[in-house]
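Coordinate inspection notes
Next come the chains, spelled out residue by residue.
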Amino acid sequence: MSDISDVSLAYQGGKRIEWADRSMPVLRQIRERFAGERPLDGWRVAACMHVTTETACLIRTLQAGGASVALAASNPLSTQDDVAAALVQEDGVEVFARAGIDREGYYAHIHQVLETGPDLVLDDGCDLVNTLHIDRTDLISTVKAGCEQTTTGVIRLHQMAREGALRFPVVAVNDTDTKHMFDNRYGTGQSTLDGIIRATNTLLAGKTIVIAGFGYCGRGLAERARGLGARVVITEIDPVKALDAALQGFAVQPMSEAARHGDVFITVTGNRDVVSGEHLAAMKDGAILANSGHFDVEIDVRALDDLAVEIHHGVRPQADEYVLADGRRLVLLAEGRLVNLAAAEGHPAAVMDMSFADQALTCAWLAGAHETLSPAVHDVPKEIDTEVARLKLDSMAISIDLLTPEQEDYLHSWRLGS
């Protein structure tokens, strides 16, 4: 039933999954626990996620807990065909994913995983849940709950909930500290620059890097870009975040001003047209455009098409050159999609260890708690976030202090003063 590119790649994919697993000690501990406890026995899981080595480690953990899993890709450019083959051949997972598949094929794969009649859905950007609520309402009755692991997806889910459209409870796994803070700040911060360097072989030291958005992703990017010797400019719409950036020593400008000076532009906002046609027209020759927000709408690629008199596809892997009427050249990476996954390998496995540990423990919790939850967006229980952080510290051989009984009493009493 699976639809993958080449099953003969399974051995290679299996070796790469094993390599990632070495850097995911928290998920390994949870997998061992799941094998004994079987919290997901009999549950059917449909997932729309990046088909990467780290995701494979999560899928194996859910299987250890008793779940049967069907997996579709959440981004055609991030699919690792050898990993898809290994999951099918070695683990018996139904996988619907091919690197570079077109939009029609992408949604066909989402429909195929939904046709497995899932009890639980795992999403990365809300396309799976969205398709279920718009095109496959006939299948909603079997779904007990869901998880969402991206900022963009959580935003869409909150909109659905406000309009009364959401039909089952979904947990915002993205919003745990061990996911939101570390995945976005340290994972996106490193992997985005990795993708840009791989795609362009450019030296970032001395360059002006314009980062659109100063949330956790933008902050991580700014810190690492500065560490590589770049001049960093932040664009923002939120006065508090803009002030934070300024007090950390970064230049803060509107995009209309930054567009004239930047050498590299990186969008991480979750919104559309952050780099518009007006901005593109003002950029200097050789400017590099990269997106690390979820969808390919942050850079207005249609406007770029309209401005160009020539397009040279594939000047380097994942790099297309757009020549403007006056001879200036703009270089778009990964077609405006996630540059860290299309041009590199996404977040390091050590970061995804925490994100997917959150995901696995939340799935197990939902198996017992879903009947008590309303059709809305819910937070991950704090105990899960704390447990993942504790396990991660243990794996790093780091110890921390514990409160004494007297300190516990002090924190919980209002009668004790100075």
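Everything that follows concerns the structure shown earlier in this document.
Read on for an overview of the structure. (Residues numbered from 1 in each chain as written. Predicted model: local features only at pLDDT ≥ 70, side-chain atom pairs only at ≥ 80, totals over all residues. Heavy atoms only, no water.)

Bringing unusual backbone geometry into the picture now. Peptide bonds are trans in most cases, and residues, glycine excluded, mostly fall at negative phi. In this structure, aspartate 273 takes a positive phi of about 55° despite not being glycine. The residue aspartate 273 is located in the loop between β10 (264–267) and α12 (277–282) in this model. Relative accessible area serves as the criterion here: at 30%, aspartate 273 is assigned to the partly exposed category. Not every positive phi belongs to a glycine, and glutamine 318 is a case in point at roughly 65°. Tracing the backbone shows glutamine 318 in the loop between β12 (308–316) and β13 (319–324). Owing to a relative accessible area of 29%, glutamine 318 belongs among the partly exposed residues under this scheme. (Helix = DSSP H or I, 4+ residues; strand = E, 2+ residues; numbered from the N terminus. Buried < 20%, exposed > 50% of the residue type's maximum accessible area, 1.4 Å probe, protein only.)

All right, on to the packing of aromatic side chains then. The tally for this structure, following the rule as stated, stands at three aromatic pairs. Plain terms: the ring middles of phenylalanine 182 and tyrosine 186 are 5.8 Å apart, the flat faces sit at 15° to each other, and that makes the pair stacked. Here phenylalanine 182 pairs with tyrosine 186, and both are found in helix α8 (residues 177–200), just four residues apart, close to one helical turn. Overall, the relative accessible area of 27% leaves phenylalanine 182 in the partly exposed class. Judged by relative accessible area, tyrosine 186 falls into the partly exposed class, the value being 33%. (Phe/Tyr/Trp six-rings, centres within 6.5 Å; stacked < 30°, edge-to-face > 60°.)

The contact between helix α6 (residues 127–134) and helix α7 (residues 151–162) brings their axes to 10 Å, and the two run at 30°. With respect to α7, the element α6 is oriented roughly parallel. On α7, the residues that touch Asp127, Val129, Asn130 and His133 of α6 are Arg156, Leu157 and Met160. Taken together, the residues of the contact of α6 with α7 break down into three nonpolar, two polar and two charged. (Axes fitted to C-alpha atoms, helices over the stretch in contact; angles between N-to-C directions. Parallel < 35°, antiparallel > 145°, perpendicular 65-115°, else oblique. Contact = heavy atoms within 4.5 Å. Nonpolar A, V, L, I, M, F, W, Y, C, P; charged D, E, K, R; others polar.)

Time to look at empty space enclosed by the protein. Inspection of the entire model under this criterion finds one cavity of 30 Å³ or more. When its volume is computed, the largest cavity comes out at roughly 30 Å³. Every residue lining the largest cavity is listed: Ala73, Pro76, Phe96, Ala97, Ile101, Tyr106 and His109. Of the residues belonging to the lining of the largest cavity, the class tally is six nonpolar, one polar and no charged. (1 Å grid on protein atoms, 1.4 Å probe; cavity = no way out; pocket = protein on both sides within 12 Å on 5 of 7 lines; lining within 4 Å. Points joined across faces, edges and corners; volume = space filled by probe spheres on them.)

Turning our eyes to something else, we now look at a nonpolar patch on the surface. A cluster of nonpolar side chains, Leu403, Tyr410, Leu411 and Leu416, forms an exposed patch at the surface whose accessible area comes to about 430 Å². Structurally, leucine 411 can be placed in helix α17 (residues 405–411). Relative accessible area serves as the criterion here: at 56%, leucine 411 is assigned to the exposed category. (Patch = residues over 30% accessible without salt bridge, like charges linked within 9 Å, V, L, I, M, F, W, Y side chains within 5 Å. Areas by Shrake-Rupley, 256 points an atom, 1.4 Å probe, with all protein chains shown as cover. Salt bridge = Lys/Arg side-chain N within 4 Å of Asp/Glu carboxyl O.)

What follows concerns the pairing of strand β7 (residues 208–212). For β7, the tally of buried residues reaches five of five residues, placing the bulk of the element in the interior. The alternating pattern of β7 places Thr208, Val210 and Ala212 and Ile209 and Ile211 on opposite faces, both of which are buried. Sheet topology note: the β7/strand β8 (residues 231–235) ladder contains five bridges and is parallel. Its bridge partner being in β8, threonine 208 is matched across the sheet by arginine 231. The parallel pair β7 and β8, bridged by helix α9 (residues 216–227), forms a crossover whose chirality is right-handed. (Pairing = 2+ DSSP bridges. Right-handed = clockwise from strand over helix to strand, strands pointing away.)

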